Amino acid sequence: MTRRAPGTIAVVADPDGTARPAPASAGGPARRVAIVHRQTKPTLALAVGFALASAVAAVIPHRTGAWLPLHLFLVGGLLLAISGATQLFAVTWAAGNPGPGRLVAVQRGAIAGGATLLAVARELALPVGVVAVAGTSVLCGLLLLGVLLAGEVRSGSQRRFDPALAFYLAAVVSGTVGSILGIFLAAGHAGLRDAHLVLNLLGLVGLVIAGTLPFFVATETRMKTSRRATAAAQVATLAWLVLGVGVAAGASATGAPRVFVAAGLVVYAVGLLQLLSLLPLPGAKQLRWAGPRVLQLAAGVVWWVAACAAAAGSVVTRGLAWPEHLVLVLVVPGFAQILVGSLAYLAPVLRGGGHERLTAGFAITRSWTSFVVANLAGVALAVSWTGAAIALIAVWALDSAWRAARLVTA
């Protein structure tokens, strides 16, 4: 019989979508949650390590410019965070069974190993075959994630989480195609760049976040999920986003007239606005409790929408949908800020140890510094003040590392 490790606290899902501590007598559900907590901890720890490594890569001299920190963060940090968090949510919110421990470890290792090899291969200009091996490893990790999530959600007793699974599986498909294009891109097919970006950023990363936010915002703010977030409304949002990704990526890859790329990005932005209508609206009490955590989620989504709108304008006026500064705007104040705001909640929960320890953990991760410097860095990137942006990202990384160390050692 599997037992909950001493000093941990299990979190299970209420029917309204919020999280609560599981009582010690919760039996099977508590054991399942304890198992997925143990599986998630090393995955998110690796994700934090890659994210901090990307910040270091942004400030030290190297050969591949913005490519290295971006891929360390996206392939290593964000994809590992997605792997751990989505499986955690599938077990806790859908009341599903955790995946086999060995398969979870293999999935984690495939992503981490592939991300590491990819960074080394590109930085040292190793043969394209090595890049292909790294990309194949990441691809296998993605496919395994899809298998694990399908099993965890379908074994669950809460069917209200099924639309999120649809988002996750669509994201896996998008990321699979995007990873294949990335291998061709490394082989010299430069015309696939924008399609690769759209499939991996707006498809893989974006669809996972979009499928999670209606539940996670409610959890972070201790509210019920919005009544507007019906299964039909979530599926409609998914349809808008998938259509936008498909049109923008397909038009970019085939060299179609730029208006089709712009149209796809506009459709995607409409899908994001539809997503915003599904989120609960916190009041003053919820905002005081959640503080900068939930504000970082909100600000990240705003930057996300703005980057898509700017990319649509850029492809019409300049013929390039994603110039480097727009990619950085999408990733740094957008996705990175959403990640940090999410980990500020998840890390204390996974540390566990009872209500007092949980409260102390939330106090440690409550960082107004993180919120302010993240958005200032976004402004600096938007106007191409690279030096100021790097300095602000360094402050953000130091603040995050200090708080992570306090959380582990306290």
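That block above? That's the structure.
Quick caveat: nothing in here was measured; it's all calculated off a predicted structure.

Novice: Can you tell me about the overall build of the protein chain, naming the residues and giving the values?
Specialist: For the protein chain, the helix and strand inventory stands at 14 helices and two strands. On C-alpha atoms alone, the protein chain measures out to a radius of gyration of 20 Å, which is about the 22 Å that the 2.2 N^0.38 rule sets for 410 residues. Taken along the three principal axes of its C-alpha coordinates, the protein chain extends 60 × 45 × 40 Å. Evaluated residue by residue, the protein chain yields a buried proportion of 54% over its 410 residues.

Novice: Before we move on, can you summarise the packing of aromatic side chains with the specific residues and values?
Specialist: Evaluation of the coordinates by the stated rule reveals twelve aromatic pairs. Ring plane angle 85° and centroid distance 6.1 Å describe the contact between Trp368 and Phe371, whose orientation is recorded as edge-to-face. One end of the pair is Trp368 and the other is Phe371, both in helix α13 (residues 368-382) and three residues apart, which spans about a single turn. Exposure remark for Trp368: the relative accessible area of 43% places this residue in the partly exposed category. On the basis of relative accessible area, Phe371 is assigned to the partly exposed category, the value being 21%. Three or more aromatic residues joined by ring pairs form one cluster here, namely Phe89, Trp93, Phe161, Tyr168, Phe215, Phe216, Trp289, Tyr345 and Phe362.

Novice: Explain the side chain of Glu220 to me, using residue names and the numbers behind them.
Specialist: Here Glu220 is to be found in helix α6 (residues 193-221). As a buried residue without a salt bridge, Glu220 has its nearest oppositely charged side chain in Arg293, at a separation of 4.5 Å. Ignoring any residue separated from it by four or fewer positions in sequence, one finds Glu220 in contact with Trp289, Ala290, Arg293, Val294, Leu297, Gly341, Ser342 and Tyr345.

Novice: Any details on helix α7 (residues 231-254)? Residues and values, ideally.
Specialist: Here α7 contains 24 residues, and its C-alpha end-to-end distance of 34 Å stays within 8% of the 34 Å for a straight helix at 1.5 Å per residue. Residues Ala233, Gln234, Thr237, Leu238, Leu241, Gly244, Val245, Ala248, Ala249, Ala251 and Ser252 constitute the buried set of α7. Looking at the buried residues of α7, the elements they touch are α5 (162-186), α6 and α8 (258-276). One or two steps after α7, the chain reaches Gly255, where phi turns positive at roughly 70°.

Novice: Residues and numbers for unusual backbone geometry, please.
Specialist: If you check the backbone angles, Arg222 has positive phi at about 55° while not being a glycine. Note on placement: Arg222 falls in the loop between α6 and α7. Residues other than glycine seldom take positive phi values, yet Ser384 does so here, at roughly 65°. With respect to the element layout, Ser384 can be found in the loop between α13 and α14 (386-409). Taking the relative accessible area as the measure of exposure, Ser384 reaches 46% and is therefore partly exposed.

Each value, and the rule that gives it
Residues numbered from 1 in each chain as written. Predicted model: local features only at pLDDT ≥ 70, side-chain atom pairs only at ≥ 80, totals over all residues. Heavy atoms only, no water. Helix = DSSP H or I, 4+ residues; strand = E, 2+ residues; numbered from the N terminus. Rg over C-alpha atoms; globule rule 2.2 N^0.38 Å. Buried < 20%, exposed > 50% of the residue type's maximum accessible area, 1.4 Å probe, protein only. Phe/Tyr/Trp six-rings, centres within 6.5 Å; stacked < 30°, edge-to-face > 60°. Lys, Arg positive; Asp, Glu negative; His and termini not counted. Salt bridge = Lys/Arg side-chain N within 4 Å of Asp/Glu carboxyl O. Contact = heavy atoms within 4.5 Å. Expected span 1.5 Å × (residues − 1).

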